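# Inside the fold
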Amino acid sequence: MVIEPHIHMIARTTQDYERMARMGTVACCEPAFWAGYDRTSAAAFHDYFTHITSFEPTRAAQYLIQHYSWICLNPKEADDLTLAREVMAFMPEFLDRPTVLGVGEIGLNKNTKNEMTIFEEQVEMALSRNSLIWIHTPHLADKLKGTRMMLDYMKGHGKVDPERVAFDHVEEHTIKMLKDAGFWTAMTIYPITKNSPTRVVDAIERYGLSRMIVDASGDWGPSDPGTLHDARFEMRRRGHLPQDVETLFYNNPCYFLGQCEKFKPRPTRPRAEAWG
Ligand SMILES: [Zn+2]
C-alpha cells in the first residue's frame, strides 16, 4: 500500500487514478495551490475549493482511492493582500469539510513581505483551529532563504508544535535544519526537474526514515504520479528492508496525517517500532 501525500488531481486524468490504484495507492492528498494562472476573484477560489472537496473525492472513490485535501491561499497568489483576505474569510467553511486535513500548502514563492504576512495569518488560523499545516517551500534559488524565513518564524512563534507541521519540497540543503527542529519533511519527485527517484532514496539513506515523507506532486506541469512508485522500487532494488519501504511510503504519511482524525488509513506498525 502506498499513500500519495501531495498531488494536484484536479490537473490529472481519470487514467491517472486508475494507474495509481493498480500500483497500490490507497489514498491521496491534494493541497490547495496555484492553478497555472492567477485567479481574478475570490469566487474562483471558492469554486476551486468546492471542486477539490467534492468532485475529486467522488472521482477517486471509483478507483477505491481515498481523496483528501488541504485548504489555503497559496503563496503564488498571496501578494494581493485584499484578495488573499477575501479568500481567507471563507476558508473555515471548507476546513470543516469531512475530507479536509488542514491548512496548506501555505508558504513562500518569491519570499516577499506580503507573502510572509499571509503565511503568518494562515498559521494563526491553523493554530486557532488546531489544524495540521502543510508548507510549500520555494523552488530553486529562493529555497534556502525562504525555508529559513519560515523555519525561524515557526521556531520563534512559541505555540507551534513541529510534530503537526510538514515542510514540502525539501532538498539536501534544507532537510537537516528542519529535522533538527522537529518538523516533518517531504521530498517531491519530478521526472525532469529537481528531485529524481534515485536522489530521493540517496537522501533517505543519508538522513534516515524518521519524519520523512515522499510525494510525486503531480500537477499541470511535467510530472507523473508513477514517480512515487519508481522511488519505492528504487528503494527495494537497493536492498532496503520491506518494512522500511512500507514505513516511508505508507506508515510515515499515516503517522503525520493521522494526527487529523478525518484521515482514515491506519499504520501497520507503531511509530517507535517503525523508526527503531
Ligand atoms: Zn503542490
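Scroll up to find the structure this text is about.
Quick caveat: nothing in here was measured; it's all calculated off a predicted structure.

## What to know about the overall build of the protein chain
Of the regular secondary structure elements, the protein chain holds 10 helices and eight strands. Radius of gyration (C-alpha) of the protein chain: 17 Å, near the 19 Å computed for a compact globule of 276 residues. The buried share of the protein chain, reckoned over its 276 residues, is 44%. Taking as baseline every contact in the protein chain between residues at least 6 positions apart, the subset at least 24 positions apart corresponds to 72%.

## Remarks on the sheet that holds strand E2 (residues 25-31)
Strands in a sheet are paired, the pairing made by backbone hydrogen bonds, and the direction either parallel or antiparallel. Spatial ordering of the open sheet is given by E1-E2-E3-E4-E5-E6-E7-E8, a layout of eight strands whose pairing is parallel. Pairing within the sheet leaves two strands with one partner each, and these edge strands are strand E1 (2-4) and strand E8 (212-215). Going across the sheet, the axis of each strand differs from the next one's by a mean of 25°, ignoring polarity.

## Things to note about unusual backbone geometry
Following Gly-104, the chain continues into Glu-105 via a peptide bond in cis, with omega recorded as -10°. Its location among the elements puts Glu-105 in strand E4 (residues 100-107). A positive phi angle, close to 50°, is found at Ser-217, a residue other than glycine.

## Section: the pairing of E8
Alternating positions in E8 separate into two faces, Met-212 and Val-214 on one and Ile-213 and Asp-215 on the other, with burial throughout. Pairing between strand E7 (residues 184-188) and E8: four bridges, direction parallel. In the sheet register, Ala-186 faces E8, and the bridge partner there is Ile-213.

## A closer look at the environment of Glu-124
In this structure, Glu-124 sits in helix H4 (residues 113-129). Each C-alpha atom, one on Glu-124 and one on Lys-159, is 9.6 Å from the other, the two residues being 35 residues apart in sequence.

## Focus on the nonpolar core
In terms of nonpolar packing, the biggest core is built from 73 residues, with Trp-70, Ile-71, Ile-133, Ala-166 and Val-214 touching the most fellow members. Broken down by element, this core gets its largest block of residues, seven residues, from helix H9 (residues 242-257). The residues touching Trp-70, leaving out its near neighbours within four places in the chain, are Cys-29, Pro-31, Ala-32, Val-100, Leu-101, Gly-102, Val-103, Gly-104, Glu-105 and Trp-134.

## Considerations on H9
Helix length check: H9, at 16 residues, gives a terminal C-alpha distance of 22 Å against a target of 22 Å (1.5 Å per residue), a fit within 8%. A maximum bend of about 45° is found in H9 at Leu-248. Looking at H9, one finds that the buried residues are Val-245, Thr-247, Leu-248, Phe-249, Tyr-250, Asn-251, Asn-252, Pro-253, Cys-254, Phe-256 and Leu-257.

The rules we used
- Residues numbered from 1 in each chain as written.
- Predicted model: local features only at pLDDT ≥ 70, side-chain atom pairs only at ≥ 80, totals over all residues.
- Helix = DSSP H or I, 4+ residues; strand = E, 2+ residues; numbered from the N terminus.
- Rg over C-alpha atoms; globule rule 2.2 N^0.38 Å.
- Buried ≥ 20, exposed ≤ 12 C-beta atoms within 10 Å, placed from the backbone.
- Contact = placed C-beta atoms within 7 Å.
- Pairing = 2+ DSSP bridges.
- Axes fitted to C-alpha atoms, helices over the stretch in contact; angles between N-to-C directions.
- Core = buried A, V, L, I, M, F, W, Y, C linked by C-beta atoms within 7 Å.
- Expected span 1.5 Å × (residues − 1).
- Bend = angle between axes of the 7 residues up to and from the residue.

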